[in-house]
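This is what each chain is made of:
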Amino acid sequence: MENKKIIFSATQPSGKITLGNYLGAMRNWVALQEDYNALYCVADMHAITVRQDPAALRRQSLELFAQFIACGLDPEKSIIFIQSQVPQHAELAWVLNCYTMFGELSRMTQFKDKSASHADNVNAGLFTYPSLMAADILLYQTDLVPVGEDQRQHVELARNIAQRFNSVYGDVFTMPEAHIPKVAARVMSLSEPDKKMSKSNPNENSYVLVMDKPEDIMRKFKRAVTDSEGGIYRSPEKPGVSNLIEIYAAVTGKSFEAVENEFAGQGYGAFKPAVGEAVVEILRPIREETERLLADKGALEALYRQGAEKAAGIAYKTLRKVHKKVGFAPR
């Protein structure tokens, strides 16, 4: 790898990337791969902390891998892989479990949330998954981890674990830092604009998926919540309209003021379809390229195996060093 800083990010394969995921994170990753040694991972091992349908998990992992590439991640510039294809993740996670404190894990917000929502399956993996997340990051001597504010806690734990290990064995792990973009599109729900757009919302009209058909995208935007006041401008009193303005600005590259001027004097009947059409056009090539990639399973498998091989080559160097430090016999 070239002498650039290393950036690592992982996403669970839910099978559904929203417009918010794309504008808020994935589009930014495409820019980051130009300036960093970038690794992007389909986190299928993390997914099984809750029960999964095996066939669906395999399908969704391939779909997410294809969407990574369709969104603009280049296998020649970035290392793109599926987590379970690189066994060093699980191997390092066990070692790091032994350097992670029970109290640290019990304070993790997501463990509390998922324990409440999956009360019938509060398993050990759900408790210790932050050690696996730390392994994901530390395996590659990662400098920066692009995350939202809600994920900063996981990067802090990875730093604590790395510091604890380094204090015993010397300079083994790079200390990672959270990379939170200063300007990231925050896309809100189309039906409840005071909430973030989320695929977990039971109302499918509240979110737009990257793989939605154009007619579905248009329907969702036409039904988007606005208000009865009229007027297309941003205001805390107009969360629905403000959200649509921000989406339109994000997909067209225009400023908020330019959007307000463009639609001055027009009604929501003209504005909402215009936003829908702009979103359709930015997502169309992603959907079509994803479908093309998924249609050739052999080529797609070759790509994810190639990515896993590259990732494993880097990961093995770190793991070999860790094994030596803790006293395991050489392989």
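Just so we're clear, the structure is a prediction, and the values are computed from it rather than from any experiment.

How each quantity is defined
- Residues numbered from 1 in each chain as written.
- Predicted model: local features only at pLDDT ≥ 70, side-chain atom pairs only at ≥ 80, totals over all residues.
- Heavy atoms only, no water.
- Helix = DSSP H or I, 4+ residues; strand = E, 2+ residues; numbered from the N terminus.
- Rg over C-alpha atoms; globule rule 2.2 N^0.38 Å.
- Buried < 20%, exposed > 50% of the residue type's maximum accessible area, 1.4 Å probe, protein only.
- Contact = heavy atoms within 4.5 Å.
- Areas by Shrake-Rupley, 256 points an atom, 1.4 Å probe, with all protein chains shown as cover.
- Salt bridge = Lys/Arg side-chain N within 4 Å of Asp/Glu carboxyl O.
- Expected span 1.5 Å × (residues − 1).
- Polar contact = N/O pair within 3.5 Å; in protein donor to acceptor, adjacent residues only side chain to side chain.
- Axes fitted to C-alpha atoms, helices over the stretch in contact; angles between N-to-C directions.
- Parallel < 35°, antiparallel > 145°, perpendicular 65-115°, else oblique.
- Left-handed = near helix turned anticlockwise from the far one by under 90°.
- Nonpolar A, V, L, I, M, F, W, Y, C, P; charged D, E, K, R; others polar.

Caption draft 1: Summary view of the overall build of the protein chain. Scanning the protein chain from terminus to terminus reveals 13 helices and 5 strands. Whereas a compact globule of 331 residues would reach a radius of gyration of roughly 20 Å, the protein chain reaches 21 Å, a difference of no more than 12%. Judged by the C-alpha coordinates and their principal axes, the protein chain covers about 75 × 45 × 40 Å. Burial analysis of the protein chain (331 residues in total) assigns 48% to the buried set. Residue pairs in contact within the protein chain that sit at least 24 positions apart in sequence constitute 74% of those at least 6 positions apart. Surface exposure of the protein chain reaches about 15800 Å², of which carbon and sulfur atoms provide 51%.

Caption draft 2: Fine view of the pattern of salt bridges. Tallied over the full model, the rule gives 14 salt bridges. With a shortest N-O distance of 2.2 Å, Glu91 and Arg331 are connected by a salt bridge. Highlighted residues: Glu91 in helix α4 (residues 88–97) and Arg331 in the segment after α13 (297–326), separated in sequence by 240 residues. Residue classification places Glu91 among the partly exposed positions, given a relative accessible area of 25%. Taking the shortest distance from any N to any O, the salt bridge between Glu262 and Lys254 comes out at 2.8 Å. By relative accessible area, which is 35% here, Lys254 ends up partly exposed. Through salt bridges that share partners, Asp227, Glu229 and Lys238 make up one connected network.

Caption draft 3: Expanded view of helix α3 (residues 54–70). Compared with the 24 Å implied by 1.5 Å per residue over 17 residues, the 24 Å span of α3 between its first and last C-alpha is a close match. With 12 of 17 residues buried, α3 lies mostly within the body of the structure. Buried within α3 we find Ala56, Leu57, Gln60, Ser61, Leu62, Leu64, Phe65, Ala66, Gln67, Phe68, Ile69 and Ala70.

Caption draft 4: The side chain of Ser206, seen in detail. Mapped onto the secondary structure, Ser206 falls in the loop between β5 (177–179) and α9 (214–222). Taking the relative accessible area as the measure of exposure, Ser206 reaches 1% and is therefore buried. Side chain to side chain, Ser206 and Asn201 meet in a polar contact 3.5 Å long. With residues up to four places along the chain from it excluded, the contact list for Ser206 reads Ser189, Leu190, Ser191, Met197, Ser198 and Asn201.

Caption draft 5: Highlighting the packing of helix α1 (residues 19–35) against helix α12 (residues 268–295). Where α1 meets α12, the closest approach of the two axes is 12 Å, and the angle between their N-to-C directions is 70°. Between α1 and α12, the interaxial angle falls into the category roughly perpendicular. Taken as a pair, α1 and α12 cross one another with a handedness that is left-handed. Note on element contacts: α12 touches α1 through Val279, Ile282, Leu283 and Ile286, opposite Leu19, Tyr22 and Arg27. Classifying every residue of the contact of α1 with α12 gives 6 nonpolar, no polar and 1 charged.

Caption draft 6: Main features of the environment of Ala315. You can see Ala315 is positioned in helix α13. Relative accessible area serves as the criterion here: at 0%, Ala315 is assigned to the buried category. Residues Ala315 and Ala135 lie 180 residues apart in sequence; the distance between their C-alpha atoms is 9.7 Å. Excluding anything up to four places from it in sequence, Ala315 contacts Val86, Gln88, Leu139 and Tyr140.

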